[in-house]
Amino acid sequence: MPLKIYIEGKLYDKKNAKISVLDRGLLYGDGVFEGIRVYKRLVFRLKEHLDRLYESAHTLMLDMPLTKDQMAKAICDTLKANKLNDAYIRLIVTRGIGDLGLDPRKCMERARVIIITDKIALYPAKLYKEGLCILTVPTQQSVSESLNPQIKSLNYLNNILAKIEAINAGCEEAIMLNSAGYVTECTGDNIFILKNNILYTPPTHVGLLEGITRDAVMQIARARNIELKDEIFTRHDIYNADECFLTGTAAEIIPVRSVDGRVIGSGKPGKATAMFTKEFRKLTKSDGMRY
Ligand code: PXG
C-alpha cells in the first residue's frame, strides 16, 4: 500500500502529494514544523509537541487553521490510514500561498497543514553501543534577536550549514556555540554532560530549541534525585566530563564518545547514559496519546 500523506484535510498517495510552487514554505521557509515519534500506537508527548508548534506559529504571527484537538485528530487519522504502529511524524504548517513578495498579508488562503507519517530512520545500532564522535563547528547558533532557535521554523539553514561542516569533517553531528562561545545544542539534538554525578544541560537563553526529549531527561533526573543544573558551559567542560549524550526525537538518547578529538570519560557509553536510556524507554510506553 502506498504511503498516504495528509494535505489540508485530504489524504493523497505519496506520488500525488504535491503543493503549489507559490507556497511560502518553499519560497521563504515561512512556516513551522514538528518531528514526533509513535511507539506502539502511542504518539509520544503529543500535547507538548503541539504546544511547541503553536507557540512557534504564534511568534511568527501565523494563524493556525486547526485547533490543537483538530490537529491531534488529523495526525491520528493519518496514522490509522497508513496502519502504522511505530512511526515518525513530520507535521508541517506553511503560511500558504502568497504572491512573490515578502509581505505575509498577501497570503491568499489560510495556512496549510501537511502530515507525513513514515517508518523511522535511526542512527545505526553500532553508534548507540560505541557512541558518536562529534565536533564543534564554525557556524554559530543564531542569536535570539534574529531567528530565535526556540522557534521550530521551516528555515533550518543555519543548522544545515553546521551539519555540512560536521559531515565534511567525517562526523555525524555538530555542536553549535553561541557568539559568546558557550555550548548551545547540536543541529537536531540537545546536549547533556555528566560530571561528578551532576547533570548539566545548557539553559534556553544561550539559544536552543527546548527539546521534548531534553525535557523528559530532566524529568527523569529530578525523579531519580540526580542533581540537575541548566547552566552555561564551554567546550572545556565537555572535554572533561565523565559522560556526554545527545537527546532528540529521532535519536532518542545517544552516547557521545569523543568531541573535537578529545575522548569523553572512559570513551565508552557511561552508566548514567544507560540509566537515562532505560528510563526514557519506560516513558515511551506511557506518555502521550494513544490512537
Ligand atoms: N535541537 C534542534 C535544533 C532540533 O531540531 C532538537 C534539538 C531535539 O528536540 P526534540 O523535541 O526532538 O527532543 C531538535 C529536534 C530531523 C528531525 O528529521 C529533527 C528534529 C526532530 C526530529 C527529526 O532531522 N529536531
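The model shown is predicted, which means the values in this text are computed figures rather than measured ones. (Residues numbered from 1 in each chain as written. Predicted model: local features only at pLDDT ≥ 70, side-chain atom pairs only at ≥ 80, totals over all residues. Heavy atoms only, no water.)

A. Structural context of the overall build of the protein. Looking only at helices and strands, one finds eight helices and 16 strands in the protein. For a compact globule of 291 residues, the expected C-alpha radius of gyration is about 19 Å, and the protein comes in at 19 Å, within 12% of that figure. A principal-axis box enclosing the C-alpha atoms of the protein has dimensions of 55 × 40 × 35 Å. Counting over 291 residues, the protein shows a buried share of 51%. Taking contacts inside the protein between residues at least 6 apart in sequence as the whole, the part at least 24 apart equals 70%. Accessible surface, the protein: about 14400 Å² in total, of which carbon and sulfur atoms supply 54%. Between the mean site of the 42 positive side-chain charges and the mean site of the 35 negative ones, the protein shows a separation of 7 Å. (Helix = DSSP H or I, 4+ residues; strand = E, 2+ residues; numbered from the N terminus. Rg over C-alpha atoms; globule rule 2.2 N^0.38 Å. Buried < 20%, exposed > 50% of the residue type's maximum accessible area, 1.4 Å probe, protein only. Contact = heavy atoms within 4.5 Å. Areas by Shrake-Rupley, 256 points an atom, 1.4 Å probe, with all protein chains shown as cover. Lys, Arg positive; Asp, Glu negative; His and termini not counted. Charge placed at Lys NZ, Arg CZ, Asp CG, Glu CD.)

B. View of the domain arrangement of the protein. In terms of domains, the protein is made up of domain 1 (4-118) and domain 2 (125-283). A straight line from the C-alpha centre of domain 1 to that of domain 2 covers 27 Å. Listed as interface residues are 23 residues of domain 1 and, on the opposing side, 19 residues of domain 2. Among the residues of domain 1 in contact with domain 2, F33, R45 and R52 are the three that bury the most area, contributing 37% of the side total. For the pair domain 1 and domain 2, the interface holds one salt bridge. In this structure, R37 engages E252 in a salt bridge whose closest nitrogen and oxygen atoms are separated by 3.2 Å. The tally of links from domain 1 across to domain 2 stands at 10 residue pairs in polar contact (both at pLDDT 80 or more). At eight residues, the largest contribution of residues to the side of domain 1 that touches domain 2 is made by strand β3 (residues 31-39). Partitioned by chemical class, the residues of the side of domain 1 that touches domain 2 number nine nonpolar, eight polar and six charged. (Domains from an automatic or database assignment. Buried area = accessible area lost by both parts, 1.4 Å probe. Salt bridge = Lys/Arg side-chain N within 4 Å of Asp/Glu carboxyl O. Polar contact = N/O pair within 3.5 Å; in protein donor to acceptor, adjacent residues only side chain to side chain. Nonpolar A, V, L, I, M, F, W, Y, C, P; charged D, E, K, R; others polar.)

C. Representation of the sheet that holds strand β5 (residues 87-94). Reading across the sheet, the seven strands line up as β2-β1-β6-β5-β3-β4-β16 and stay open at both edges, with antiparallel pairing between neighbours. Pairing within the sheet leaves two strands with one partner each, and these edge strands are β2 (10-13) and β16 (288-290). Looking at each pair of strands side by side, their axes are set apart by 25° on average, direction ignored. Relative to strand β6 (residues 112-118), β5 is paired through seven bridges, and the arrangement is antiparallel. Each bridged residue has a counterpart across the sheet, and for I89 the counterpart in β6 is T117. (Pairing = 2+ DSSP bridges. Axes fitted to C-alpha atoms, helices over the stretch in contact; angles between N-to-C directions.)

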